[in-house]
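Chain by chain, the residues run as shown.
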Amino acid sequence: MLKSKTFVKKTRSGGVMKVVREHYLRDDIWCGSEICTECKQDSTVLQRDACIESNLCTFPHYLVPDTNVVLHQIDVLEDPVICNVIILQTVLQEVRHRSAPVYKRLKDIIHEQGRHFYTFTNEHHRETFIEREPGESANDRNDRAIRVAVKWYSQHLKTDESGPDGVRVVLLTNDQGNKQKAEDNGLLVYRFEEYIKSLIANTELVDRLALSNEDKNEIASSKILFPEHLPLSKIQAGIKSGSFIQGTFRASRDNYLEATVFVQGEGEDSNEVLIQGLQNLNRAVHQDVVAVQLLPKNQWVAPSSVVLQDEGAAKDDDVDGDEEEKLLKQSLTKSTRKATGKVVGIIKRSWRPFCGMLNVSQIKESTRHLFTPADRRIPRIRIETRQASTLAGQRIMVAIDGWPKDSRYPNGHFVRSLGNAGEKDTEEEVLLLEHDVPHQAFSQAVLSFLPKMPWIITPEDMAQRQDLRHLTVCSVDPPGCTDIDDALHCRELENGNLEVGVHIADVSHFIRPGNALDKEAANRGTTVYLCGKRIDMVPELLSSNLCSLRSNVERFAFSCIWEMNHNAEILKTRFTKSVINSKASLTYAEAQMRIDDTNKNDDITKSLRGLNKLAKILKRKRIENGALTLSSLEVRFHIDSETHDPIDLQTKELKETNSMVEEFMLLANISVAQKIYDEFPECALLRKHPAPPPSNYDILMKAAKSKNVTIHVDSAKALADSLDGAKVDGFQYFNTLLRILATRCMMQAVYFCSGMDSDFHHYGLASPIYTHFTSPIRRYADIIVHRLLAVAIGADSTYPDLMDKHKQSALCNNLNYRHKMSQYAQRASVAFHTQLFFKTRGILNEEGFVLFVRKNAIIVLIPKFGLEGTVFFDSKDKASPKLVFDEEGPTLKVEQHTFNIFDKVKVTISLDDSNIQHQKIRMALIEPVIPGVSVPVPEAEPQAKKQKLDR
Amino acid sequence: MAGLELLTDQGYRLDGRKASELRKFQARMGVFAQADGSAYLEQGNTKALAVVYGPHEIRGSRSRALHDRAVINCQYSMATFSTAERKRRPHGDRKSTEMSLHLKQTFEAAVMTQLFPRSQIDIYVKILQSDGGNYSVCVNAATLAVIDAGIPMRDYVCACTVGFVDETPLADLCYAEESGGVSSLALALLPRGGQIALVQMDARLHQDHLETLIEAAMTACKGVSKVLDEVVRQHLQEASVHSRE
């Protein structure tokens, strides 16, 4: 083994420091090829007959991409056609340094066995290591290192007497200089595009090629639309001196010319900067990290209440934005002006592949088309494809390659097709992809950690658990629920007190820390419930069978047992792992019927009545403490069992039993939270709900004021009390509406690790400490809490990651993200099904309430369907009515009529499928009647009306 | 993805070693004529000089003398030019004092002190260049110096630091690895009997991992002892050739 040293100089923040590191060169790094007889390797990766059929290379060959090829063309490299590739360590390191997501994807490919990607550690190989020469830049050195490695490979493989048709090595690079030098050295080298285009029978790969710099120049005209981005060094200097601000760019959903930049401050002082107009937005895309310069105060504007969508047809780089921009700059009251700025540079792009649809260009032969993403916050993307006719009407994925300053739209390339638009499966796929929900089937590795069937309870299991099979335990869930994770019991003790038990499925018994099953569950984070579909967090065997606490089978549980007196005061709390045998799986309605039926007096019913009585006391206490009862409308679809289309929908109604179960779950969660926090103050996983800043309540207070109701928001208690007292005669729905509004004012509740935070308070529940313990089948956080609790009571052993607060904290971030995304996906799924529902229904005629008032529209809530929709008062091809908007009310005066929040209106509902990608629920006003704005009541021939509605 | 990748998927470390491989050793014994024993040791880029005086009479206050064995006096210091940023105080700071104490404990376990009652053995170690694993390099250098001085020991004392990355123990950490947030453990071993002279760890590590880590450290120490043994034999051979001439 040869050892040698090199010296590397490195600058660190501040001064210059000389860093000396050893660098060992080895002679035991093998080439990884099957045909090699020289290397003493145990296993080979690269195949003997490495054949990708290509016009350029008719012989077997291995590919060596350089760094830029990997960085820009990862979409192509991911295609299973591309195999037998040598990834040099130099390339891998550079990729790691430059783009973490690409690095992750590259590593995933390398790990795929069937792809034959081999990592060659050329930097530590005796013959391929080179030292940087004086005057040579780091990039040049790396390029040279790549060439040296390719040279070594070609010689190494040639000496194997494999004859003229031996395997050759092909260097792929897009760098002209590099290519030239490589050719001078006698290497086989191609440009990446050249090579991919030469592939036989893989023409669709060409579409996935990202545009390289030269191609980009061709596309765009010479007109410069955007100001130049500043280089990173200037941005950093600017941020340091305070002239620029760094923040996350968030495009507005409603208005494509407007965005906010969210600036993360220390603690409370995070704020937002408003950006308006194409020039100022300066090619930033939703979620990018950008540098912003504030405009002088006299140019500050207020966020516009206009709802604007980029409807401009595929006219290239048209300046159709101008008119709309003017629209933005209309009368603005000074008071609402906000800090306004412009984007001067991009610090970090967060481009990912976007789902959407192709707007096929009007010119038939054109290969350039605009792509409209499903997410309205993402600008349209121009892509080049030869298969436009097949892709039209399909949902596709597209990645952005770049956004030159003379192009109205970013340039991108096609990644893959998802299926025909409008089909339920495709739309569901889009929905899941757009919300980043992992939804592939569980891999074999994951399934291998499932318990072997038939599963039986062994005596060893029994020895470690308390036998609670004799108790009258029952579960209460929504109808059709197969993943039952909680069950309850209540019985009277000899001393007159009550014993109440909450039994939670013992998922952590089956999912052991660190194995593939556990990692998969941790990544998924939560089960996602879509309408008529469930994306499980754990495989079905566990979720619907072994862990599900079904009736009349023996199941493992984690029990939380309290001794309470009749005033629901806790006298004793006990946690134990147990075996239970549920006596009945009830639905909420069934449980309610049992409680109400005075003739029934069996054990289950008695137990339920006891629970119900205690739950009422608990709820009263909780509300006295200032817990909020908020409201949001949830709808359930009745789904046709054959077609899986929704045939009817109803809003969810709450029964007493719902709140009974909820009370005990809350109680269990709080008890467990206290226990694990006492035991592990540094690494308990808890859940908090921060109090919202007072400004969040503005809209609620204004709205209430318009009905002469005052809302106090000083504390949760005050808010709860004033919400309870808020009543308007003859307007029963007012209170619910207020609660819906109040819900929108709240902050997100989040998981966190107790060692990393000091504020534990749960605002909504008015509890000083809270966690999630009761649904381990569908939430990963609960599994961690189970493990912590198990360690705390000595029922299980600890493991390293559980006690590491940094790892816990990282896990919490993932869980919060997944949780948020699953909620969005759920909402999107409901919206999609609502659309399906209205598609079959035709035009309906419903009563609703104004929920928000915007500058050119009102947002109407229809309680019957829990549906929200927008009624626009202006449109492009029609003279708009006279609109007067008052910020203070807020009110909107349309011609003669003034709209207030909470006004009762009548609207027609129809589905606007003129744009298949964004099928929208259209609402049009019927009552109050405003000439020229409202539409007549639709009675007959809905088809004719639709024309009018589409406007 | 911040920080350095300490162990690649191919199993190579930052400097190209595999997980269980030690750095390159270079050693010389008897570098100074004045002292009773001396040695110079390079372990990669960490370089140490060890000097031994004694056994001799107790210097200073006689009350320190022990009636049944020798007193071992250790002093550890770092040259001002040993680190990337120039050091202000070569010795006497808390870290050095702690290190001196550790060295003392290590050698009290290895040197057969009971042969020299009421006397004193001085071991001075200086780090000339520091690149991780200072403690272990000092112990290894001091072992050679003690042998050079002809002081009887139970066995070679061999030391090695090991770290824990991606469920894999890494032997003989360099500075970049030590500062990369790795839980590291230093272990001094009397390899033949497998007795541990000293274990030191001040990072957090889960109990389950401790055994594998100690196992790896002991294997590494045995590797060190082989190298040291070779050095000593080489030195003796050279010395005997010289004396014959």
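Let me sum up the structure you'll find in this document. If you're wondering where the values come from, they're calculated on a predicted model, not measured in any experiment.

### A few points about the nonpolar core
Residue and element names in this part refer to chain A.
Step number 1: Judged by nonpolar contacts, the single largest core of 88 residues is most densely connected at L542, W562, L608, M660, F664, F773 and Y780.
Step number 2: In terms of residue count, the dominant contributor to this core is helix α26 (residues 780–792) (10 residues).
Step number 3: If near-sequence neighbours (up to four positions away) are discounted, L608 is found in contact with C474, V476, L586, A591, R594, I595 and M660.

### Concerning the pattern of salt bridges
All names here are of chain A.
Step number 1: Scanning all chains against the criterion turns up 47 salt bridges over all chains.
Step number 2: Among the salt bridges present, the one from R105 reaches E78, with a minimum N-O distance of 2.9 Å. Residue R105 is located in helix α4 (residues 100–111), and its partner E78 is located in the loop between α2 (74–77) and β4 (85–88); the two are separated by 27 residues in the primary sequence.
Step number 3: For R105, a relative accessible area of 24% puts it in the partly exposed group.
Step number 4: For E847, the salt bridge goes to K904, with nearest N and O atoms at 3.9 Å.

### Some details on the sheet that holds strand β16 (residues 394–402) of chain A
All names here are of chain A.
Step number 1: Spatially, the 5 strands close up into a barrel ordered β13-β14-β15-β17-β16, and their pairing is mixed. Between one strand axis and the next, the sheet turns through 55 degrees on average, direction left out of account.
Step number 2: Strand direction decides the pairing type here: strand β13 (residues 354–359) and β16, joined by 4 bridges, are antiparallel. By the bridge assignment for β16, F354 is matched with V398.
Step number 3: Set on the sheet, helix α14 (residues 424–434) makes contact with β13, β16 and β17 (411–420); between it and β17 the angle comes to about 135 degrees.

### Some thoughts on the side chain of T161 of chain B
Residue and element names in this part refer to chain B.
Step number 1: Along the polypeptide, T161 turns up in strand β6 (residues 158–165).
Step number 2: Looking at T161, the relative accessible area reads 5%, which means it is buried.
Step number 3: Those residues within four positions of T161 in sequence are excluded, and the remaining contacts are G133, S136, L170, A171, D172, L173, E178, L185 and A186.

### Some points on the packing of α14 of chain A against helix α27 (residues 805–841) of chain A
Residue and element names in this part refer to chain A.
Step number 1: α27 packs onto α14 with a crossing angle of 155 degrees between their chain directions and a minimal axis gap of 10 Å. Judged by the inter-axis angle, α14 sits roughly antiparallel to α27. Of the two elements, α14 crosses α27, and the hand of that crossing is right-handed. Residues K424, E427, E428 and L431 of α14 form the contact with α27, whose own contacting residues are A825, A828, S829, F832, H833 and L836.
Step number 2: Split into classes, the residues belonging to the contact of α14 with α27 amount to 5 nonpolar, 2 polar and 3 charged.

### A look at the interface of chain A and chain B
For interface size, the figure often reported is the accessible area lost on association.
Step number 1: Taken together, the 25 residues of chain A in the interface contact 29 residues of chain B.
Step number 2: Both sides together, the interface formed by chain A and chain B hides about 2400 Å², and carbon and sulfur atoms give 49% of it.
Step number 3: Taking the shortest distance from any N to any O, the salt bridge between K107 of chain A and E5 of chain B comes out at 3.5 Å.
Step number 4: Where chain A meets chain B, there are 10 residue pairs in polar contact (both at pLDDT 80 or more).
Step number 5: Secondary-structure elements contributing two or more residues to the side of chain A that touches chain B are β2 (16–19) and α4 of chain A.
Step number 6: Sort the elements by how many residues they give to the side of chain A that touches chain B and α4 of chain A lands first, with 4 residues.
Step number 7: Grouping the constituent residues of the side of chain A that touches chain B by class yields 10 nonpolar, 6 polar and 9 charged.

### A word on the side chain of D461 of chain A
Residue and element names in this part refer to chain A.
Step number 1: If you trace the backbone, D461 turns up in helix α16 (residues 459–464).
Step number 2: Notably, D461 is buried but unbridged: the nearest opposite-charge side chain belongs to R465, and the N-O separation is 5.4 Å.
Step number 3: Filtering out sequence-adjacent residues up to four positions away, D461 remains in contact with I456, H509 and F556.

### Regarding the packing of aromatic side chains
Residues and elements named next belong to chain A.
Step number 1: Evaluation of the coordinates by the stated rule reveals 11 aromatic pairs over all chains.
Step number 2: Considering the side-chain rings of F120 and W152, the 5.2 Å spacing of their centres and the 15 degrees angle between planes classify their relative orientation as stacked. On the criterion of sequence distance, the pair formed by F120 in strand β5 (residues 117–120) and W152 in helix α5 (residues 138–158) is long-range, its members being 32 residues apart.
Step number 3: For F120, a relative accessible area of 0% corresponds to the buried category.
Step number 4: When its relative accessible area of 10% is taken as the criterion, W152 is described as buried.
Step number 5: Where F120 meets Y153, the ring centres are 5.0 Å apart and the plane angle is 70 degrees; that geometry is what we call edge-to-face. You can see F120 sitting in strand β5 and its partner Y153 sitting in helix α5, a full 33 residues away along the chain. One exposure class covers both F120 and Y153, and it is buried.
Step number 6: Grouping aromatic residues by their ring pairs yields a cluster made of F120, W152 and Y153.

### A closer look at α26 of chain A
Residues and elements named next belong to chain A.
Step number 1: The terminal C-alpha atoms of α26, which comprises 13 residues, lie 19 Å apart, in line with the 18 Å expected from a rise of 1.5 Å per residue.
Step number 2: Taken across its 13 residues, α26 has 13 buried, putting it largely inside the fold.
Step number 3: Within two residues after α26, G794 carries a phi angle of roughly 75 degrees, on the positive side.

### Structural notes on the sheet that holds strand β8 (residues 244–251) of chain A
Picture the strands of a sheet paired through backbone hydrogen bonds; they go either parallel or antiparallel.
All names here are of chain A.
Step number 1: The 5 strands are arranged β8-β9-β10-β12-β11 in a closed barrel whose pairing can be described as mixed. Strand after strand, the sheet turns through a mean of 50 degrees between neighbouring axes, direction not considered.
Step number 2: As defined by bridge partners, strand β10 (residues 271–276) adjoins strand β12 (residues 340–348) across 2 bridges and the pair is classed as parallel. Across the sheet, residue I275 finds its bridge partner in β12, namely G341.
Step number 3: On the sheet, helix α10 (residues 232–241) packs against β8, β11 (289–294) and β12 and is oriented at approximately 125 degrees with respect to β12.

Rules used throughout
Residues numbered from 1 in each chain as written. Chains lettered and ligands numbered in written order. Predicted model: local features only at pLDDT ≥ 70, side-chain atom pairs only at ≥ 80, totals over all residues. Heavy atoms only, no water. Core = buried A, V, L, I, M, F, W, Y, C linked by side-chain atoms within 4.5 Å. Buried < 20%, exposed > 50% of the residue type's maximum accessible area, 1.4 Å probe, protein only. Helix = DSSP H or I, 4+ residues; strand = E, 2+ residues; numbered from the N terminus. Contact = heavy atoms within 4.5 Å. Salt bridge = Lys/Arg side-chain N within 4 Å of Asp/Glu carboxyl O. Pairing = 2+ DSSP bridges. Axes fitted to C-alpha atoms, helices over the stretch in contact; angles between N-to-C directions. Parallel < 35°, antiparallel > 145°, perpendicular 65-115°, else oblique. Left-handed = near helix turned anticlockwise from the far one by under 90°. Nonpolar A, V, L, I, M, F, W, Y, C, P; charged D, E, K, R; others polar. Buried area = accessible area lost by both parts, 1.4 Å probe. Polar contact = N/O pair within 3.5 Å; in protein donor to acceptor, adjacent residues only side chain to side chain. Lys, Arg positive; Asp, Glu negative; His and termini not counted. Phe/Tyr/Trp six-rings, centres within 6.5 Å; stacked < 30°, edge-to-face > 60°. Expected span 1.5 Å × (residues − 1).

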